[in-house]
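# Topology and contacts: notes
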Amino acid sequence: MIPKRAAWLAAWPVLAVFVLSNAPTPLYVLWQRELGFSSGVLTVVFACYIAGLLGALLVAGVVSDRIGRKPVLLPALALGIVSCVLFATAASVLALAIARFLAGLAVGAAVSAGMAAVNDVAPGRGKTAALASSTAMVLGAGLGPLLAGVASETLPGPTVTIFLAEIVLLASAAVVVARLPLPRPQSTSRAWIRIPNVHPDGRGAVLRGIAVFAPGITATSFVLSLGPSVLTDLLGSTDRIVAGALAFVMFLGATGIQFAVRGLPARTILIAGAASTTASMAALIASLQTSSLTLLAVAAVLAGTGQGMGQFGGLTLVNASVPANRLAEATAAQNVGGYVPAAVLPLAAGFLSDATGLATGATAFGVVVIAAAVAGGLVAGRGRPTRQDTASTGLRNCAEYSR
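Scope of this entry: the structure provided in the associated data block. Note that this is a predicted model, so its numbers are computed, not measured.

### A look at the pattern of salt bridges
Applying the stated criterion across every chain yields a total of two salt bridges. Linking Asp120 and Arg69 is a salt bridge whose minimum nitrogen-to-oxygen distance equals 2.7 Å. With Asp120 in helix α6 (residues 93-120) and Arg69 in the loop between α4 (39-67) and α5 (70-89), the pair connects residues that are 51 residues apart, well separated along the chain.

Listed below in structure tokens is the structure:
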């Protein structure tokens, strides 16, 4: 199989899992109405997803580098199917929380083992591997809420149909994983569970990636968790297709920007990502003050481009810096650094909104993320550009890694 084509095929399981990751977004308002829970509880349900994701990252990267990608990916896809069943039959907040937790486990495995598998089947094609992995992640994350919104408004079973379709998608991803020619990595690690330990050559790259990726994904997490509530409570829109489309255009922006900037130096990409996240939160605050759906859509797109550039720039630096047998662990470390604030800050905003009002909670959230994004841009811009800063340079050959 042609390595470039193989990279995009290997990215299919990543896309399938990320469709699940955000499919519940436009459905939260339905579950809130049926089950009667607050914005704070909603963000707890969302945080369960990130808790599962972080838990998987502590295990999946190390295990994948030690015993291979398939033994991690196939069980993760099975967990995703179980999550779909729970979502489709959920009759309590606890069921939703468990479903979100299992979805997080599946996504955490896909982030580490799945993205490393993409690189395994396309050795020496760093730009292709990084682009395939990153775009599969953000495109799947955007398609999930759009399809869920359309299905819930136009088909029977508004909280069921999308998850039946997702089960089929995950099953097809399992077939792809089973057929991929994935080698067993030659890892020297003896641990099975640990905080991801980045190879010394890649620590600076991971830090710079986190500095921009973390504020970016925190901004998109707000749109995914509380965005539908902002639409309904503050902007008066109850159409679930609009909620799904808002998430979709956010991740469409995240996908498109990665193709647009793929020839730029990674440092430039990261600085631009920080600037985009800053602008997105300024637009969010302005949308709240003016009750403008247009400004909220602008905020969502800018949040998506900020996350996309932070993710792609960070992955490019990691792929160019870390030996192949430590790649999954380094990718996991970057995502742990990004997803922790993406859980904590929207959760805090949710409970603050319960106490002071949604507009106040969302405004405070925006101010904090602006400060983090500005700081991230300063970190990403430190130091002189190196060969590893060029996104078009890509990965060095795996044989060079093994020396």
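Now that the structure is up, let's keep going.
### With respect to unusual backbone geometry
The phi torsion of most residues other than glycine is negative, and most of the peptide bonds are trans. The phi dihedral of Ser291 is positive, around 55°, even though this residue is not glycine. Tracing the backbone shows Ser291 in the loop between α12 (266-290) and α13 (293-321). For Ser291, a relative accessible area of 46% translates into the label partly exposed.

### Some details on the layout of surface pockets
What the second largest pocket holds in volume is close to 190 Å³. Within the residue set of the lining of the second largest pocket, elements represented by two or more residues are α3 (28-35), α10 (227-234) and α11 (240-260). The residue makeup of the lining of the second largest pocket, split by class, is five nonpolar, six polar and four charged.

### A closer look at the environment of Ala348
Topologically, Ala348 is positioned in helix α14 (residues 327-356). In this structure the C-alpha to C-alpha distance between Ala348 and Val44, which are 304 residues apart in sequence, comes to 9.5 Å.

### Comments concerning the packing of aromatic side chains
Enumeration over the complete set of coordinates arrives at eight aromatic pairs. Measuring from centroid to centroid gives 4.8 Å for Phe87 and Phe163, while their planes differ by 15°, and the two rings are stacked. Here the residue Phe87 occupies a position in helix α5, and Phe163 occupies one in helix α8 (residues 161-179), the gap between them amounting to 76 residues. Phe163 shares its class with Phe87; the two are buried. Taken together, Tyr28, Trp31, Phe87 and Phe163 form an aromatic cluster joined through their ring pairs. The ring of Tyr49 has Arg100 lying over it, and the distance from NZ or CZ to the ring centre is 4.3 Å.

Calculation rules
Residues numbered from 1 in each chain as written. Predicted model: local features only at pLDDT ≥ 70, side-chain atom pairs only at ≥ 80, totals over all residues. Heavy atoms only, no water. Salt bridge = Lys/Arg side-chain N within 4 Å of Asp/Glu carboxyl O. Helix = DSSP H or I, 4+ residues; strand = E, 2+ residues; numbered from the N terminus. Buried < 20%, exposed > 50% of the residue type's maximum accessible area, 1.4 Å probe, protein only. 1 Å grid on protein atoms, 1.4 Å probe; cavity = no way out; pocket = protein on both sides within 12 Å on 5 of 7 lines; lining within 4 Å. Points joined across faces, edges and corners; volume = space filled by probe spheres on them. Nonpolar A, V, L, I, M, F, W, Y, C, P; charged D, E, K, R; others polar. Phe/Tyr/Trp six-rings, centres within 6.5 Å; stacked < 30°, edge-to-face > 60°. Lys NZ or Arg CZ within 6 Å of the ring centre and 35° of its normal.

Distances and angles like these do not, on their own, reveal function.
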